[in-house]
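Now for the letters of each chain:
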Amino acid sequence: MKRTRSPLPLLLFATLAAGAGNGVTIVAFPWLALQRNGSAADAAVVAMAGTVPLLASTLLAGAAVDYLGRRRVSMISDALSGLSVAMVPLLALLLGDGAINVVSLSALAALGAVFDPAGMTARISMVPEAAEQAGWSLDHANSGYQAAFNLAYIVGPGAGGLLIATLGGVQTMWVAALLFGAAMLAVAVIRLAGAGRPDRAKLPDRLWPGIVEGLRFVWHSRVLRTLAAIDLIVNGLYVPIESVLFPKYFTDRDEPRQLGWVLMALAAGGLVGALGYAVTSRYLARRNTLIAATLTLGATTAVIAFLPPLPLILALSLLVGLVYGPIGPIYNYVMQTRAPTQLRGRVVGVMGSLAYAAGPVGLIVAGPLADAAGLTVTFLALAVPMLVVGFLSVVLPQLRELDSPAR
């Protein structure tokens, strides 16, 4: 087969642009909510609105990718995500700034959360064929994908903090909409095997049995089932940190730029870790990498709980990103190598859906707890379970399959 490198860079650019759009909104949505009355509970409501739909929409996104085609779903998702964030400045323009409140922000955050997972699932599902066409190993391609994703969360939150400080939170949403549009255009010109119309003869006739098939596949795979459980717990504990606790801390200090710097530090570490995985995957066991990442996340969160000076928060955030950078490529590799081609989208969707399932629970607890007991207590309440998960991972036999050949 003739090899060309054109589809993979386009796919990585689309990942970068869509991720940067989401990175901008991660800063802008809670900032707009906190500007109203400074309540962490209100910020948690908006963040939860952007998280709750992910449970169902990610599950459906996987089925949509398998049934409608990867390229088509990616384009539709980015178009609708862009429209959902553009509605913030449009509402302000048409109805006035009073229309931008917790209710409208929650509704638009939820709308964006319905569409975003489909684009991400579609792009992850295209990586193996893009890697083969470019002559890259799957580990190398997944490293590049995760690096682009993490780079997006350097560019997005950093730009979001600066744009809020100069243009204001409402007008910043126009930039997010343009980034989603760029992602859609990049995918529109991709020509890649398996990205077009799927072979419906290999799929169940109805959607629900197709979704159940993906759920059943993940459940019967010991390693996928265990990874899903770990991801569910860790995400439930981590989401409030990025979506509520850091925004609350820096809003109280009136420092949007510093919030952007912290999110950029997390993503910068993730970028280096993801890029480094192309090399470290040759020498380090996937299981050991996962255990080290979970334990480090718990330990650093415990230190951040005491709200040290900004340089130390930035250094710890960079460290978290560094150790977690390889985790995305590891998860993607396991999903891509365990799932049959015609089932890949649904397996990615199921895993993503389970990862998001605990996020709303964490937000429900963290927002009111931060208002009632303070940030230090809330950070510590999240750090301790993270450490427990890390120590339990050491003794889980299922994780040894991470370094076994796919069967």
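Cut-offs and rules
Along each chain, residue indices are assigned from 1 in the same order as the chain's sequence is written. A pLDDT threshold of at least 70 governs which residues receive local features in this predicted model, and a stricter bar of 80 or more applies before side-chain atom pairs are shown or counted, although totals over entire chains, interfaces and linings include all residues. Side-chain calculation: all heavy atoms of the structure are included, whereas hydrogens and water are not. Here, the term nonpolar core denotes a set of buried Ala, Val, Leu, Ile, Met, Phe, Trp, Tyr and Cys residues that are joined through side-chain atoms within 4.5 Å. Residue exposure (1.4 Å probe, protein chains only): buried if accessible area is under 20% of the type maximum, exposed if over 50%, otherwise partly exposed. Two residues form a contact once any of their heavy atoms are found within 4.5 Å. Secondary structure elements are taken from DSSP: a helix is a run of H or I of four residues or more, a strand is a run of E of two residues or more, and numbering for both begins at the N terminus. Multiplying 1.5 Å by the residue count of a helix minus one yields the expected span of that helix. Working definition for bend: take the seven residues up to and ending at a residue and the seven starting at it, fit an axis to each, and measure the angle between the axes. Every axis corresponds to a line fitted to the C-alpha atoms, with the helix fit spanning only the stretch in contact, and the corresponding angles, defined between N-to-C directions, vary from 0 to 180 degrees. Angles below 35 degrees are treated as roughly parallel, those above 145 as roughly antiparallel, those between 65 and 115 as roughly perpendicular, and all remaining angles as oblique. By convention, the crossing between two helices is left-handed when the near helix turns anticlockwise from the far helix through less than a right angle, and right-handed when the turn is clockwise. Between rings of Phe, Tyr and Trp, where Trp is taken as its six-membered ring, a pair exists when centres lie within 6.5 Å; planes separated by under 30 degrees are stacked, by over 60 edge-to-face, and by other angles tilted. Distance thresholds for patches are 9 Å for like charges and 5 Å for nonpolar side chains (Val, Leu, Ile, Met, Phe, Trp, Tyr), applied to residues having over 30% relative accessible area and no salt bridge. Only the protein chains shown count as cover for residues, with accessible areas throughout obtained via the Shrake-Rupley method and a probe of 1.4 Å. Only one rule defines a salt bridge in this text: a Lys or Arg side-chain nitrogen within 4 Å of an Asp or Glu carboxyl oxygen.

Chemist: I'd love a proper account of the nonpolar core, names of residues and values included.
Modeler: Judged by nonpolar contacts, the single largest core of 97 residues is most densely connected at Phe29, Leu227, Phe246 and Met351. Those residues within four positions of Phe246 in sequence are excluded, and the remaining contacts are Ile241, Leu259, Val262, Ile304, Ile313, Ser317 and Phe379. Of all hydrophobic cores here, the second largest spans eight residues; its members include Ala20, Ala152, Ala267 and Leu271.

Chemist: Report on helix H4 (residues 70–95), specifying residues and quantitative values.
Modeler: An α-helical segment advances 3.6 residues per turn. Residues three or four places apart therefore align on the same side. The end-to-end C-alpha distance of H4, which contains 26 residues, comes to 37 Å, matching closely the 38 Å that a straight helix rising 1.5 Å per residue would cover. The largest bend in H4 is about 35°, located at Met87, with the proline Pro89 one to four residues further on. A positive phi of about 95° marks Gly96, the residue just after H4.

Chemist: So what's going on with the side chain of Asn22? Which residues, and what values?
Modeler: Here Asn22 shows up in helix H1 (residues 7–37). Taking relative accessible area as the criterion, Asn22 reaches 17% and is therefore assigned buried. Apart from residues no more than four positions distant in its own chain, Asn22 is found in contact with Asp116, Tyr153 and Phe180.

Chemist: Any chance you could break down the environment of Leu380 for me, citing the residues and the numbers?
Modeler: Following the sequence through the fold, Leu380 ends up in helix H16 (residues 375–395). It is 27 Å that separates the C-alpha atoms of Leu380 and Val102, two residues lying 278 residues apart in sequence. Once residues within four sequence positions are removed from consideration, Leu380 is found in contact with Ala302, Ala305 and Phe306.

Chemist: Hey, could you go over the packing of helix H9 (residues 222–252) against helix H10 (residues 256–280) for me, with residue numbers and the actual values?
Modeler: At a minimum axis distance of 9 Å, the contact between H9 and H10 shows a crossing angle of 150°. Viewed along their axes, H9 and H10 adopt a mutual orientation that is roughly antiparallel. Crossing handedness for the pair H9 and H10: right-handed. Along its contact with H9, which presents Tyr238, Glu242, Phe246, Pro247 and Phe250, the element H10 presents Gln258, Leu259, Val262, Leu263 and Leu266.

Chemist: So what's going on with the packing of aromatic side chains? Which residues, and what values?
Modeler: The description of an aromatic ring pair rests on the distance of the ring centres and on the angle between the ring planes. For the structure shown, the criterion picks out four aromatic pairs. With 5.8 Å between their ring centres and 55° between their planes, Phe246 and Phe379 make a pair best called tilted. Of the two residues, Phe246 is situated in helix H9 and Phe379 in helix H16; the sequence distance between them amounts to 133 residues. The exposure class of Phe246 is buried, given its relative accessible area of 3%. Aromatic side chains Tyr249 and Phe250 sit 4.9 Å apart centroid to centroid with 70° between the ring planes, which places their arrangement in the edge-to-face category.

Chemist: Lay out a nonpolar patch on the surface in plain terms, naming residues and giving numbers.
Modeler: Taken together, the side chains of Val384, Val388, Leu392, Val394 and Val395 make up a nonpolar region of the molecular surface, amounting to roughly 430 Å² of accessible area. Tracing the backbone through its elements, the reader meets Val388 in helix H16.

Chemist: With reference to specific residues and values, describe the pattern of salt bridges.
Modeler: Evaluated as defined, the whole model comprises eight salt bridges. Asp78 serves as the salt-bridge partner of Arg123, at 3.1 Å between the closest nitrogen and oxygen. Of this pair, Arg123 sits in helix H5 (residues 102–134) while Asp78 sits in helix H4, placing them 45 residues apart in sequence. Take Arg123 and Asp78: they sit in the same class, and that class is buried. Of the charged contacts in the structure, one is a salt bridge between Glu401 and Arg222, with a shortest N-O distance of 2.8 Å. Placement of Glu401 in the segment after H16 and of Arg222 in helix H9 is noted, with a sequence separation of 179 residues between them. Take Arg222: its relative accessible area is 39%, and that puts it in the partly exposed class.

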